Amino acid sequence: MARALIIDDDKAVRDFFRTVLEKLCGLEVAEADTVAAGLKCLSAGLPDILLLDSNLPDGTARDFCFQLKKNAPQALALPKLIISGVRRLERDNFDWQACGVKGYLVKPCSIDELKEAVTKCLEN
C-alpha cells in the first residue's frame, strides 16, 4: 500500500486530506503539524508522496526543503504537493522542482482536485 505524509498545521485540513487519501486513493496516511514533526516522521520511513503546507508554525515549505537537503537528501526526490491558501509559486524564484515538488493545491480544494493531483504525482 502506498503511503502519504501530510504536513499541515490545520487539523481540519489534515482530517479532510486523510479521509480523501485513505478512502478514495487507498493510501496509508501519516500526519505532522510542523516542519520538525514532519522531519521526524520521515526518519521512521519515507512515504510515497508528501503533502506540504506552504506556511507552518516553525517554518515554510522552503525551509522544509532546505532541511531535507541538509538532513535527509534521500527524501528530496519524493513527490511533493505544496498546499496553501494562496497561489504564489509562479512568482517565486526558488527551484521547487529540484525539491521534488510536482504540484500545487490551493486550499480549500475539492475532493476531485486533491485526488487528481495525488494520482498524477504517484504516476510520475
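Since the structure is predicted, the reported quantities are computational estimates derived from the model, not experimental observations. (Residues numbered from 1 in each chain as written. Predicted model: local features only at pLDDT ≥ 70, side-chain atom pairs only at ≥ 80, totals over all residues. Heavy atoms only, no water.)

### Observations regarding the confidence of the model for the protein chain
- Taken as a whole, the protein chain shows an average pLDDT of 91; of its residues, 94% reach a score of 70 or greater.
- Confidence, expressed as mean pLDDT per element, reaches its minimum in the protein chain at strand β7 (residues 101–106) with 90 and its maximum at strand β1 (residues 3–7) with 98. (pLDDT = per-residue confidence, 0-100. Helix = DSSP H or I, 4+ residues; strand = E, 2+ residues; numbered from the N terminus.)

### Concerning the pairing of strand β2 (residues 28–32)
- Summarising the sheet, β1 and β2 pair through 5 bridges and their orientation is parallel. Among the inter-strand pairings, Arg3 is bridged to a residue of β2, identified as Glu28.
- For the crossover from β1 across helix α1 (residues 11–23) to β2, the handedness is right-handed. (Pairing = 2+ DSSP bridges. Right-handed = clockwise from strand over helix to strand, strands pointing away.)

### A word on the pattern of salt bridges
- Considering all chains together, one arrives at 6 salt bridges under this definition.
- The salt bridge partner of Asp15 is Lys11, with a shortest N-O separation of 3.1 Å. Highlighted residues: Asp15 and Lys11, both in helix α1, separated by 4 residues, approximately one helical turn.
- For Asp15, a relative accessible area of 32% translates into the label partly exposed.
- Here Arg18 ties to Glu22 by a salt bridge, and the two come within 2.6 Å at their closest N and O atoms. Here Arg18 and its partner Glu22 are both found in helix α1, 4 residues apart, which amounts to about one turn of the helix. (Salt bridge = Lys/Arg side-chain N within 4 Å of Asp/Glu carboxyl O. Buried < 20%, exposed > 50% of the residue type's maximum accessible area, 1.4 Å probe, protein only.)

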